[in-house]
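# Understanding the architecture of this molecule
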Amino acid sequence: MTNTGGGGPRPRTSWWREGAITTLAFALCLLGGVLQVDDTLSPPSVSAYVIAVVSCAVLPVRHRAPLAALAATTAVGVLVPPLGLLLTPLIVTPAVITTYSYSLAARTERRAASAVVLTSAALAAAIPAFGDFSWKDASRMGVVAAFPLVAGVLGHSVRNRRAYLEAVEERARRAEQNRDSEARRRVAEERVRIARELHDLVAHQITLANAQATVAAHLFDTRPEQTRTSLKELVETTSHALDELRATVGLLRQSGDTAAPAEPAPGLSRLPTLLESFRRAGLEVSVHQEGTVRPLPPGVDLTAYRIVQEALTNVTKHAGTGSAWVHLVWTGDRVTITVADDGGGTRTTPTASTGPTASAGPTASAAADRSPGYGLIGMRERATTVGGHLSAGRRPEGGFLVSAQLPLPPAQDPTRDRDRATTTEEGQMTDGEAGGAP
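### Section: the overall build of the protein
Across its full length, the protein holds twelve helices and seven strands. Per-residue burial for the protein yields a buried fraction of 36% across its 438 residues. Carbon together with sulfur atoms contributes 60% to the accessible area of the protein, which is approximately 25300 Å² in total.

### With respect to the pattern of salt bridges
It is possible for side chains bearing opposite charge to pair when their charged atoms get close. Following the criterion strictly, the structure yields ten salt bridges and no others. Salt-bridge contacts for Arg185 lead to Glu182; the nearest nitrogen and oxygen are separated by 2.3 Å. With Arg185 and Glu182 both in helix 6 (residues 135-218) and three residues apart, this pair spans about one turn of that helix. A salt bridge links Glu182 to Arg186; the nearest nitrogen and oxygen atoms lie 3.0 Å apart. Highlighted residues: Glu182 and Arg186, both in helix 6, separated by four residues, approximately one helical turn. The network of salt bridges with shared partners includes Glu182, Arg185, Arg186 and Glu189.

### Re the state of the cysteines
The bond known as a disulfide is covalent and runs between the sulfur atoms of two cysteines. Summed over all chains, the structure comprises zero disulfides. Cys56 supplies the cysteine sulfur nearest to Cys29, a cysteine that is in no disulfide, at a spacing of 5.2 Å. Judged by relative accessible area, which is 1%, Cys29 ranks as buried.

### As for the packing of helix 8 (residues 271-280) against helix 9 (residues 298-318)
Packing of helix 8 against helix 9 brings their axes to within 11 Å, and their N-to-C directions diverge by 10 degrees. Between helix 8 and helix 9, the angle is such that the two are roughly parallel. Two secondary-structure elements touch here, helix 8 through Leu271, Leu274, Leu275 and Phe278 and helix 9 through Tyr305, Val308, Gln309, Leu312, Thr313 and Thr316. Residues that form the contact of helix 8 with helix 9 fall into these classes: seven nonpolar, three polar and no charged.

### Describing the sheet that holds strand 6 (residues 389-394)
Taking strand neighbours across the sheet as the criterion, the five strands line up as 3-4-5-7-6 in an open arrangement whose pairing is mixed. The outermost strands of the open sheet, each flanked by one partner alone, are strand 3 (284-290) and strand 6. Strand-to-strand twist across the sheet, computed as the mean angle between neighbouring axes with direction ignored, equals 10 degrees. The strands touched by helix 8 are strand 3 and strand 4 (323-330); relative to strand 3, the strand with the most contacts, the crossing angle is about 155 degrees. Contacting strand 3, strand 4, strand 5 (334-340), strand 6 and strand 7 (400-407), helix 9 crosses the sheet at an angle of about 180 degrees to strand 7.

### A few points about the environment of Val92
With respect to the element layout, Val92 can be found in the loop between helix 3 (66-78) and helix 4 (93-105). Setting aside residues up to four positions removed in sequence, Val92 forms contacts with Gly77, Leu87 and Leu123.

### So, the nonpolar core
Core analysis: the biggest nonpolar cluster contains 34 residues, and Leu296, Val308, Leu312 and Ile337 have the highest contact counts within it. Contributions of two or more residues to this core are made by helix 6, helix 8, helix 9, strand 4, strand 5, helix 11 (375-385) and strand 7. Sort the elements by how many residues they give to this core and helix 9 lands first, with eight residues. Residue contacts for Leu312: discarding those within four places in its chain leaves Leu275, Phe278, Leu283, Val285, Ala324, Val326 and Val339. Judged by nonpolar contacts, the second largest core, of 16 residues, contains Ala52, Val92, Leu123 and Ile127.

What counts and what doesn't
Here the residue index of a chain counts from 1 through its sequence in written order. Residues qualify for local features only when their pLDDT is at least 70, as the model is predicted, and side-chain atom pairs are given and counted only at 80 or more; totals for whole chains, interfaces and linings, by contrast, use all residues. Only hydrogens and water are set aside; all other atoms, that is, all heavy atoms of the structure, feed into the side-chain values. Strands here are runs of E lasting at least two residues and helices are runs of H or I lasting at least four, both read from the DSSP assignment and numbered beginning at the N terminus. Relative accessibility decides the category of a residue: with a 1.4 Å probe and only protein chains considered, values under 20% of the type maximum give buried, values over 50% give exposed, and everything between is partly exposed. The accessible surface values rely on the Shrake-Rupley method and a 1.4 Å probe; as for residues, cover is taken only from the protein chains in view. The term salt bridge refers to a side-chain nitrogen of Lys or Arg lying within 4 Å of a carboxyl oxygen of Asp or Glu. Disulfide assignment relies on a single distance test, namely cysteine sulfur atoms paired within 2.5 Å. Helix axes use the C-alpha atoms of the stretch in contact, all axes being lines fitted to C-alpha atoms, and the angles between their N-to-C directions lie in the range 0 to 180 degrees. Orientation is classified from the angle alone, with under 35 degrees giving roughly parallel, over 145 giving roughly antiparallel, 65 to 115 giving roughly perpendicular, and any other angle giving oblique. Residue contacts follow a heavy-atom distance rule, with two residues in contact if any of their heavy atoms lie within 4.5 Å. Nonpolar residues are Ala, Val, Leu, Ile, Met, Phe, Trp, Tyr, Cys and Pro. Charged residues are Asp, Glu, Lys and Arg, and all others, Gly as well, are polar. The criterion for strand pairing is that DSSP finds at least two bridges linking the strands in question. Throughout this description, the term nonpolar core refers to a set of buried Ala, Val, Leu, Ile, Met, Phe, Trp, Tyr and Cys residues connected via side-chain atoms within 4.5 Å.

Note that all results are geometric; they support no functional claim without further evidence.
So this is what it looks like as structure tokens:
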């Protein structure tokens, strides 16, 4: 490898190629120098050697200085008639080669076209400028002028082809980068989604289990029957948590793994079961609904369920109260979910289906020392994912409030559906009567 003036190493094969081109150009140029006007051959003169050597010596620098090389070979070609030689396409082979090279290297197409035309005109004008001019000279002038033009057109075509291939390669490279970035983005989104799902699941179930275990420990000596009931509910809670965790983690299995039985994603239809689990943990929850209840898309339904679940879980963990309320407002294009607590009073302990309650001071004090975690962040992310938004904050009258607005699909007009059904029935009746008429 040898370093060239172009700033980078050139492979050894390029030097062999340059040597072959220069040798071939020298042979053609010298062959053109032995042609005479009467189409006879004579031994090459000193002038023929000078023309061949000087014009071919410029060829190796045509890549670094294409315009200078083109000007030098053109000037040498113009000097062919004054030196007593016949100006033919063979003797101007170096000029044709440099014309092709300059067409490849020119900065703009206008410069390349101008240089090619000037070279062709200069070589053609050198024939009538020296000596007599005949019809043979006119035909020879046309051939000499055509060769640089053809070389320029070829160079222009190759240049466009290379530019096209570079553009295709650049687009392919950018497309590959975009695919990689899109894949990374989707992986990141999937990781966030799985983390959010696991957080909502584990936080809810572990909070309930912690509350039930605390109650069982608190009542162990004084009320063994209620302790036994709390432990049974604790077993049910942990078993349900394991089932949901197994179903969630099963989504991460590869396609070749053993398929686990899939359960439908939870939604607002399972809200009574969710509220019952909180009631067993000592949190009394009241539900109020306004408007006409409508079916939700699966993603929105899951989001609504998880927001209620996480908000009530935060009440159980952090609020010193034993009651909360859930308010659902259904309008034409959205459903508004509000979960709040009054924040006053000490939360009561869970009991069996009936019976007195006791204070759960250790749970409340321990929950107050915990950091908020990622519950609010996860709820906001869920609401934003389905096109809604969520707000949360403390209430002026006390307690904490979470409010989410989620979009609803357009409601179908029942009147229009009835009219459409009536029209269809009338059309069927008319067709039947027409078919039965004689």
